[in-house]
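Tertiary structure, described
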Amino acid sequence: MCALANQRSEARYNCAVPVEGKEGSVFDRTKTLDISRHGIGFLSSHPIGINQKIALEIVIKPNTEPVMVIGVVKWVRKLDGTSDQYRVGMVFSEVIAGSSTRLDKYLTSKRWE
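Now for a look at the structure at hand. (Residues numbered from 1 in each chain as written. Predicted model: local features only at pLDDT ≥ 70, side-chain atom pairs only at ≥ 80, totals over all residues. Heavy atoms only, no water.)

Digging into the pairing of strand β4 (residues 39–44)
Moving residue by residue along a regular strand, the side chains alternate between the two faces of the sheet. Most of β4 is tucked away: six of the six residues are buried. Residues Gly39, Gly41 and Leu43 of β4 are buried on one face, and the alternating residues Ile40, Phe42 and Ser44, pointing to the opposite face, are buried as well. Direction of pairing for strand β3 (residues 31–36) relative to β4: antiparallel, over a ladder of four bridges. Opposite Asp34, over in β4, you have Gly41 as the bridge partner. Where β3 folds back onto β4 in an antiparallel hairpin, the turn is made up of two residues. (Buried < 20%, exposed > 50% of the residue type's maximum accessible area, 1.4 Å probe, protein only. Helix = DSSP H or I, 4+ residues; strand = E, 2+ residues; numbered from the N terminus. Pairing = 2+ DSSP bridges.)

Some details on helix α1 (residues 100–108)
Residue pairs three or four apart in sequence face the same way in an α-helix, which turns once every 3.6 residues. Considered for burial, the residues of α1 that qualify are Leu103, Tyr106 and Leu107. The arc that holds every buried residue of α1, seen down its axis, measures 95°, which confines them to one face. In α1, the exposed positions angled more than 90 degrees off the buried face are occupied by Thr101, Lys105 and Thr108. (Arc of directions from axis to C-beta.)

Structure, rendered in structure tokens:
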């Protein structure tokens, strides 16, 4: 379930869902934490390089067309303690398929919460 997260320069929505990724890849055992109109945050078991570009297919609501974006990793932080998890912040640099208007509509719609 996704819900409005803390307020920053733009609305972020908590959205803790697993990410489908190839076993052994950077997205193996990864889950999203939050999403906004310009980026996404997630937890990963693998460190990811700063400025790495990654193609993402975002499906916010079941039975809807996904939005394809290119994301650029802006920061990576290892979680405190003995955890081998990394908190990753990524911004969307390009919308490939779908539109940013449709992404905005999904994120501002109360229907998907």
